[in-house]
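Working through the structure, step by step
So you can see what is in the structure, the chains are spelled out below.
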Amino acid sequence: MSVEKTYYQKNIDLSQHDALIIVDMQNDFMPGGALPVDEGDQIIDSINYVAEIFKNNNGIIVLTQDWHPENHMSFASSHPGKNPGEEFQSEGIGPILWPDHCIQGSQGANFHDKLKVNMANAIIRKGYNPTVDSYSGFIENDKKSETGLAGYLKSLNVKRIFICGLALDYCCYFTSLDGFDFGFEVYFLVNLTRGIDLPPGNISKSLQHMRDKGIRFATKDNLI
Ligand code: VGL
Ligand code: ZN
């Protein structure tokens, strides 16, 4: 599915009740990294630009950071005989296994140099539990353990959240769905994300599901 321009929300007037959530803009997800997302580096300038608009309107800016211990169970290397990209499902892990990535304290886990991290009000780390992955910035894949992001945003009286970053069909997708379930109005900044598309078709499936659920789509030009 592609998202037609006519579907974008228009003239979104930002305020202190809006939060920009910039998902996992880390070296390992950039071309040349351990879990590269195609064109992942091409959205950085636009994300910086949008972050500036949020700042100018007293909005909240949150970065998420994938932050795994060595031997995390989402890594194929933790399962003898398995390869990255292979299907694997257990409680909290899956549906596929990943290459080792975003190891706590590594260069790959650092934010891309060009990302203006100083604009962030908060940085939420996730995926630190060795046996449970966390695609979402709100809640781990066991669907029980919260990161604290929902409480943080609610305590600041945030009503709308705007999602961008990497990867479209994993961490951006699940952050959007969980944000919706926590009661926020969710806007998916679709041009400011790039996807993994594993299994093939996963990007269009994710977009369709978000749209069906009531998540809105917008571009940077719709923000004022
Ligand atoms: C992500 C797979 C594994 C993401 C993180 O940021 O989308 N994907 N860890
Ligand atoms: Zn990860």
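Please refer to the structure higher up on the page.
Residues numbered from 1 in each chain as written. Chains lettered and ligands numbered in written order. Predicted model: local features only at pLDDT ≥ 70, side-chain atom pairs only at ≥ 80, totals over all residues. Heavy atoms only, no water.

Some words on the side chain of T175
Here T175 is to be found in helix α3 (residues 168-181). Only 2.6 Å separates the side chain of T175 from the backbone oxygen of C171, close enough to count as a polar contact. With near-sequence residues (within four places) excluded, T175 lies in contact with I21, V23, Y135, S136, G137, F138 and I163. (Helix = DSSP H or I, 4+ residues; strand = E, 2+ residues; numbered from the N terminus. Polar contact = N/O pair within 3.5 Å; in protein donor to acceptor, adjacent residues only side chain to side chain. Contact = heavy atoms within 4.5 Å.)

So, the coordination of the zinc ion (ligand 2)
Coordination sphere of the zinc ion (ligand 2), protein contribution only: D66 (OD), H68 (NE2) and H101 (NE2), at 2.0 to 2.2 Å. Coordination at the zinc ion (ligand 2) comes from 4 donor atoms whose angles at the metal span 88 to 169°, giving a geometry best classed as irregular. Donor residues for the zinc ion (ligand 2) sit on one chain with the sequence pattern D-x1-H-x32-H. One end of the pair, D66, is in strand β2 (residues 60-66); the other, H101, is in the loop between β2 and β3 (122-126), and 35 residues separate them in sequence. Residue class for D66 comes out buried when judged on its relative accessible area of 3%. (Donors = N, O, S within 2.8 Å, 3.2 Å for Na, K, Ca; no water. Tetrahedral: all angles 85-135°; square planar, octahedral: opposite > 155°, others 65-115°. Buried < 20%, exposed > 50% of the residue type's maximum accessible area, 1.4 Å probe, protein only.)

What to know about the packing of α3 against helix α4 (residues 202-213)
When two helices pack together, their arrangement is captured by the angle between the axes and the distance separating the axes. Here α3 crosses α4 at 10°, and the two axes come no closer than 10 Å. Of the possible angle classes, the one that applies to α3 and α4 is roughly parallel. Packed against α3, whose contacting residues are L168, D169, Y170, Y173, S176, L177, F180 and D181, the element α4 presents N202, I203, S206, L207, H209, M210 and K213 at the interface. Residue composition of the contact of α3 with α4, grouped by class: 8 nonpolar, 4 polar and 3 charged. (Axes fitted to C-alpha atoms, helices over the stretch in contact; angles between N-to-C directions. Parallel < 35°, antiparallel > 145°, perpendicular 65-115°, else oblique. Nonpolar A, V, L, I, M, F, W, Y, C, P; charged D, E, K, R; others polar.)

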